[in-house]
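Chains, contacts and geometry: an overview
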Amino acid sequence: MKSFSSRRAQAIVVAIAAGSLALTGCSENKGTNTGDNAKKDQQQASVQSKAVTYADAAGSTGPAPEIAGAQSGGTITVYQEAGLSHLDPGQTYVSDAGQVANLLFRRLTQFQEDDKGNVSVVGDLATDSGKMSDGGKTWTFTLKDGIKDAKGNAITSADVRHTVERQYAKFIFDGPTYLQTWLSGAQYRKALPGGGFDGKHLPKSVLDTPDDKTVVFHFDQPRTDLPQTLAMAGYAIVPAKDDTKAKYDTAPVATGPYKIASYKLGKSLVLTKNSNWDPKTDSVRHQYVDGFNFDFGVTESTQTKRLIADRGNDKNAIQLTGGVEATQIQDVIKNPAVSKRTVKGYQPYVMQLTFNMDRVKDLKVRQAITYAVNSKSLIAGEGGVYGGDVAPNYFAPTLPGYEPKYDPYGRLKTPQGNIAKAQELLKGVPAAEKKVVFAYPNSENGQKRKVAIEDALSKVGFNVVSKEVDSASFYEQIGKLNNPYDMYITGWGQDWPSPSTVVTPIYDGDQVADGAPNYAHVKDAKVDALIKKALNQKPEDAAKTWKEAEHYLLEKVVPGAPLWYTKQFQLSGSNVGGTRYGSVSSLLDINHLYLKKS
Amino acid sequence: MLQFILRRTVGALVTLFLIGAATFFLFVAAPSDYASLACGKDCSPQRLEDIRQALGLNLPIAQQFWDFMSGIFMGRDFPTGHCSAPCLGQSFYSGDMVWNTIMDRFPTTLTLTAGGAVVFLVVGVGAGMISAYKRGSMLDKFATGTSMVLSSFQIYFLGPIVLWIFVYSTGWMDNPQYTPITQDPWGWFTGMLLPTLVMASIFTAQYTRMARSSMIEQLAEEHVRTARAKGMSRKYVFYRYAWRGALIPIVTVLGIDLSSMLGGAVVTELTFSLQGIGRLAVDGAIHKDLPMTMGVMLFGAFFILIFNILTDIAYAWIDPRVRLS
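Per an unreviewed UniProt entry, chain B goes by the name ABC transporter permease and belongs to Streptomyces bungoensis. Its UniProt record gives chain B the following Subcellular location (unreviewed entry) comment, quoted word for word: "Cell membrane". UniProt's Sequence similarities (unreviewed entry) comment on chain B is quoted here verbatim: "Belongs to the binding-protein-dependent transport system permease family."

As recorded in an unreviewed UniProt entry, chain A goes by the name ABC transporter, listed as coming from Streptomyces bungoensis.

Structure, rendered in structure tokens:
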């Protein structure tokens, strides 16, 4: 989900644009503290970076705990700038479609968050978060009783198998690929070209459904993250009887508390209650409001204006993945009545100045640049004090294993850059190596970043040649292995709260390929070995290995200079209750809302 | 007349084909392709190939072009079903049929265009004509001054001010939105009133100035002077002779303006968060969505060509000296 590249990342880009304007911490804003509060930030970060726990059957039993003061009835209006790229769960990877999927679809497992921000994986359609055996190579899930889709058909293990197998079909190309790859390897489509539609299925040695209620996954190596993987919206259940293949993308059948009443691509989406959803089987979701009206095409600027004005129907409105628009932040934070209607928190993204290690081969040059970059001015360009926090390392505050004080380059003490240290490292470095080509997107933010990078690096004697790149295809251009750039600013975030979804995709040597996210082209035997080791370990042991990998990367390899952590800052109407920041979605928790007066 | 229309129709079809070809090949020649943009995080050569295959981008360029153009007349088959003629392809981004999307968005743009045209033709041309008729009067000065001020405004400036006053600040109006007239006529009228008036106000100013200068020019023509010398009243000459002559430059510009607006009132739609053809064009370009971009381009070009023909016919109707040949 979490690079800024590609169509799938477009919604994320929107979220990031908003996140760059964020305030501090992860909480509902009570309107009393609108300033920068580093201590509170770190407290909130420690909550967001807590390890996820796996719940048993008791923790997976519905209904979800009642929200104090919650009322039933009414319709929430949801504003979003761009239309949804997909509604088919199999094609869902980005945060906008993911938010909608939380209302519409159920998966085998789901993330549950309590009021203190603790996150656990619970059974959603399954009775619990799964039973691991064979050291994590085998996982067994048992379906709950009484689960039906919106058409009233019972959900069985055959539907789960169908959901997995249809991911092998060619019309599914935009969703996550973790599960398929784990089950059948990188060339997984060849294992089941028909996607299960032709009557052929995955062998029982890979995916078994011994009865209507039981699903067994078999892997060739331990997959201890599986419960978290299956909680992704991309693995939500598609009932076999309802599947219309490619057409399903515009008319999917719901299993969650809401179903689609009408959908106009890129224009509007109306959700109403799904009467076949049984709250007793769902420990996460609520069905307080009668429905949701999604209004696409409303810019963040207009969303913010409407929500600040808080008139008429806008009292019942929320932002889906957009945030408070930059120029209106002061209007929001200076008005306590408006400010108390915001939610804010860290996003999972770490922005870094990534080095193309095929071109910037000298470790001292990379380290010197890492010392020299000015996080402070870069954050200022992203929205001033609300743009984010200085990042001293590669792990975001949302990631288990986050170390707020791990700061090998002294970034927290000298966020404006350590010029002396950089100059010291550059002694003896030939002038030719001090000429660096910096690629930046031709957007407003890109221009600001260009100025900040040029300014910081020229102070230590670098000759920065800045190259403008079309912002729409920026990641495509820097994703080419033979790209002509030495460095570029990139962002990455976790798919679920585990370093495996950060370290593996962006630093694994296998990911050095055209279009792949290892933009630094890191090919390091020790890194690869640590990744392999961590992926085969139990979570508590893996955490140490991931930490070792991060430290080694940042201190010995230096594929990028960590710059800043992004944040999210969203506004909702005064009649919307239950607003809170969702640690997993890094957005307003859409499953936790009600209207105070319907 | 029939021969003229037939000839121009054939010419229009050839022009549309050339526009389609130019758009297609310029798009294909661009430095990035949609499959790479869509490939994303888990991008691999295999995944890239899957996307290309799913979208038909693995086919030869010439075949892709032929499939697109022939689909307009004969329809096409896609994995999601048949796309009846006129088929403008299937959006890479949304998977929806482009023609269906255009038809869904067109009523919004049509409302803006038609509503705006009524306002700026009645108010703008009317004020310009009266200004010319009463040249030098206070009314003339007021109309000229107002049009000068309004024409220096832009929709992206005037729109937010109007929204702030009538929607966010006072709450006198609801957020602008399009509601089908068949579903709720009052909702349709009130929802589109502000955007239509704001867009029309800019055009009104331009038409006022144009109508005024055109009419003043006409009133100075020899045939008008001769008519007056023959004893015809000023009012009679104004409505019988000068008015029609003054309309020719207005009709010319009107044809261009209407066709441009039907092709998408981008700024108005973005300013008022409306989902019309203009926004579709912008989204298509941003998402590198070739079928959508091609579809919207051809749709807009169609109106430009149609209004060109209608403008020529209008010339002949307004001024009998003009012959369609």
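Now for the overall build of chain A. Counting its regular elements, chain A contains 17 helices and 23 strands. Principal axes of the C-alpha set define a box for chain A whose edges measure 75 × 60 × 40 Å. Counting the 598 residues in chain A, one finds 61% classified as buried. In chain A, the share of contacts with a sequence separation of at least 24, taken over all contacts with a separation of at least 6, comes to 75%.

Below, the discussion takes up the overall build of chain B. For chain B, the count of helices and strands is 13 helices and 2 strands. Once the C-alpha set of chain B is aligned to its principal axes, its extents read approximately 85 × 55 × 40 Å. The buried share of chain B, reckoned over its 325 residues, is 41%. Once local pairs closer than 6 in sequence are excluded, the contacts in chain B between residues at least 24 apart make up 67%.

Residues and elements named next belong to chain A. Read across the open sheet, the 4 strands follow the order β6-β7-β9-β8; overall the sheet is antiparallel. A single partner strand is all that each edge strand has here, and the edge strands are β6 (131-133) and β8 (207-211). Strand-to-strand twist across the sheet, computed as the mean angle between neighbouring axes with direction ignored, equals 20°. Docked against the sheet, helix α4 (residues 157-165) engages β8 and β9 (214-218), running at close to 170° with respect to β8.

Residues and elements named next belong to chain A. Reading across the sheet, the 3 strands line up as β2-β5-β4 and stay open at both edges, with mixed pairing between neighbours. In this open sheet, the two edge strands, each paired with only one partner strand, are β2 (53-54) and β4 (109-113). Where β2 lies against strand β5 (residues 119-123), 2 bridges are found, and the strand directions are parallel. Directly across from Thr53, in β5, lies its bridge partner Ser120.

Ile76 and Phe292 of chain A together with Met199, Ala211 and Ile250 of chain B are the most contacted members of the largest nonpolar core, which has 158 residues in total. If you tally residues by element for this core, the top one is helix α8 (residues 185-219) of chain B, at 13 residues. Two domains each donate at least three residues to this core, and these are domain 1 (2-83) and domain 2 (104-318) of chain B. Not counting the four nearest positions on each side in its chain, Ile250 of chain B is found in contact with Val125, Tyr207, Met210, Ala211 and Ser214 of chain B. One finds Val360, Val365, Leu426 and Val557 of chain A within the second-largest nonpolar core, a separate group that totals 69 residues.

Much of the literature gives interface size as the accessible area that the parts lose upon coming together. Residues and elements named next belong to chain B. Domain boundaries assigned for chain B yield domain 1 (2-83) and domain 2 (104-318). Each side of the interface is counted separately: domain 1 has 14 residues, and domain 2 has 11 residues. Secondary structure elements with two or more residues in the side of domain 1 that touches domain 2: α1 (2-29) and α2 (34-39). Per-element tally for the side of domain 1 that touches domain 2: the top contributor is α1, with 10 residues.

The next subject is the UniProt feature "domain: ABC transmembrane type-1" (unreviewed entry) in chain B. Sites flagged by UniProt as "domain: ABC transmembrane type-1" (unreviewed entry) map to residues 106-315 of chain B. Across residues 106-315 of chain B, helical content stands at 81% and strand content at 0%; the span's end C-alpha atoms are separated by 28 Å.

In this section: the confidence of the model for chain A. When pLDDT is averaged along chain A, the result is 88, and 91% of the positions lie at 70 or above. The model gives residues 1-36 of chain A a pLDDT under 50, and that stretch makes 143 contacts with residues more than four places away or in other chains.

Bringing the pairing of β9 of chain A into the picture now. All names here are of chain A. In β9, alternate side chains face the same way, and those of Val215 and Phe217 are buried while those of Thr214, Val216 and His218 on the opposite face are not. Relative to β9, strand β7 (residues 138-142) runs antiparallel, the two sharing 5 bridges. By the bridge assignment, Thr140 is partnered in β9 with Val216. As paired strands, β8 and β9 are joined by 3 bridges and run antiparallel to one another. Bridging across to β9, Asp208 finds its partner in Val216.

Residues and elements named next belong to chain A. For the pair helix α10 (residues 363-372) and helix α12 (residues 419-426), interaxial distance at closest approach is 8 Å and the crossing angle is 170°. When the axes of α10 and α12 are compared, the pair comes out roughly antiparallel. Here α10 and α12 pass one another in a crossing that is left-handed. Residues Lys364, Gln367, Ala368, Tyr371 and Ala372 of α10 lie in contact with α12, whose contacting residues are Ile419, Lys421, Ala422, Leu425 and Leu426. Considered class by class, the residues forming the contact of α10 with α12 number 7 nonpolar, 1 polar and 2 charged.

Residues and elements named next belong to chain B. With 14 residues, helix α4 (residues 61-74) extends 19 Å from end C-alpha to end C-alpha; this agrees with the ideal 20 Å at 1.5 Å per step. Within α4 the residues assigned to the buried category are Phe68, Gly71 and Ile72. When α4 is viewed along its axis, its buried side chains cluster within an angular range of 105° and face the same direction. In α4, the exposed positions angled more than 90 degrees off the buried face are occupied by Ala62, Gln63, Trp66, Phe73 and Met74. Positioned one or two residues after α4, Gly75 has a phi angle of 80°, which is positive.

Glancing now at the packing of helix α5 (residues 98-133) of chain B against helix α13 (residues 290-318) of chain B. All names here are of chain B. Close contact between α5 and α13 brings their axes to 10 Å; oriented N to C, the two are set at 55°. As far as their axial angle goes, α13 and α5 are oblique. Crossing geometry of α5 relative to α13 is assigned as right-handed. Across the interface between the two elements, Val98, Trp99 and Ile102 of α5 pack against Pro291, Met292, Gly295, Val296 and Phe299 of α13.

Another point: the environment of Ala326 of chain A. Residues and elements named next belong to chain A. By the element assignment, Ala326 lies in the loop between β13 (317-319) and α8 (329-333). C-beta crowding within 10 Å serves as the criterion here: with 21 such atoms nearby, Ala326 is assigned to the buried category. For the pair Ala326 and Glu382, spaced 56 residues apart in sequence, the C-alpha to C-alpha distance is 8.7 Å.

Definitions and cut-offs
Note that residues are indexed from 1 along each chain, following the sequence as it is written. Chain A is the first chain written and ligand 1 is the first ligand written, with later ones labelled in order. Local features in this predicted model are restricted to residues whose pLDDT is 70 or higher, and side-chain atom pairs enter the listing and the counts only when it is 80 or higher, whereas totals over whole chains, interfaces and linings include all residues. UniProt positions are given in the numbering used here, feature names are shortened, and annotations may be inferred rather than shown by experiment. Counting from the N terminus, the helices are the DSSP runs of H or I reaching at least four residues and the strands are the DSSP runs of E reaching at least two. Each residue is classified by how many other C-beta atoms fall within 10 Å of its C-beta atom, where C-beta atoms are placed from the backbone; a count of 20 or more means buried, 12 or fewer means exposed, and values in between mean partly exposed. Distance between backbone-placed C-beta atoms decides contact: two residues are in contact if it is within 7 Å. One bridge is not enough; two strands pair if DSSP finds at least two bridges between them. Each axis is a line fitted through C-alpha atoms, and for a helix only the stretch in contact is used; angles between axes span 0 to 180 degrees, taken between their N-to-C directions. The term nonpolar core refers to a set of buried Ala, Val, Leu, Ile, Met, Phe, Trp, Tyr and Cys residues connected through C-beta atoms within 7 Å. Domain borders in the structure are assigned automatically or taken from a domain database. As a per-residue quantity, pLDDT reports the predictor's confidence and falls between 0 and 100. Any angle that is under 35 degrees is reported as roughly parallel, and any over 145 degrees as roughly antiparallel; angles of 65 to 115 degrees are reported as roughly perpendicular and all others as oblique. Crossing handedness is read from the near helix: turned anticlockwise from the far helix by less than a right angle, it gives a left-handed crossing, and turned clockwise, a right-handed one. Asp, Glu, Lys and Arg are counted as charged, while Ala, Val, Leu, Ile, Met, Phe, Trp, Tyr, Cys and Pro are counted as nonpolar; the rest, among them Gly, fall into the polar class. Take the number of residues in a helix, subtract one, and multiply by 1.5 Å to get its expected span. It is the directions from the helix axis to the C-beta atoms that the arc portrays.

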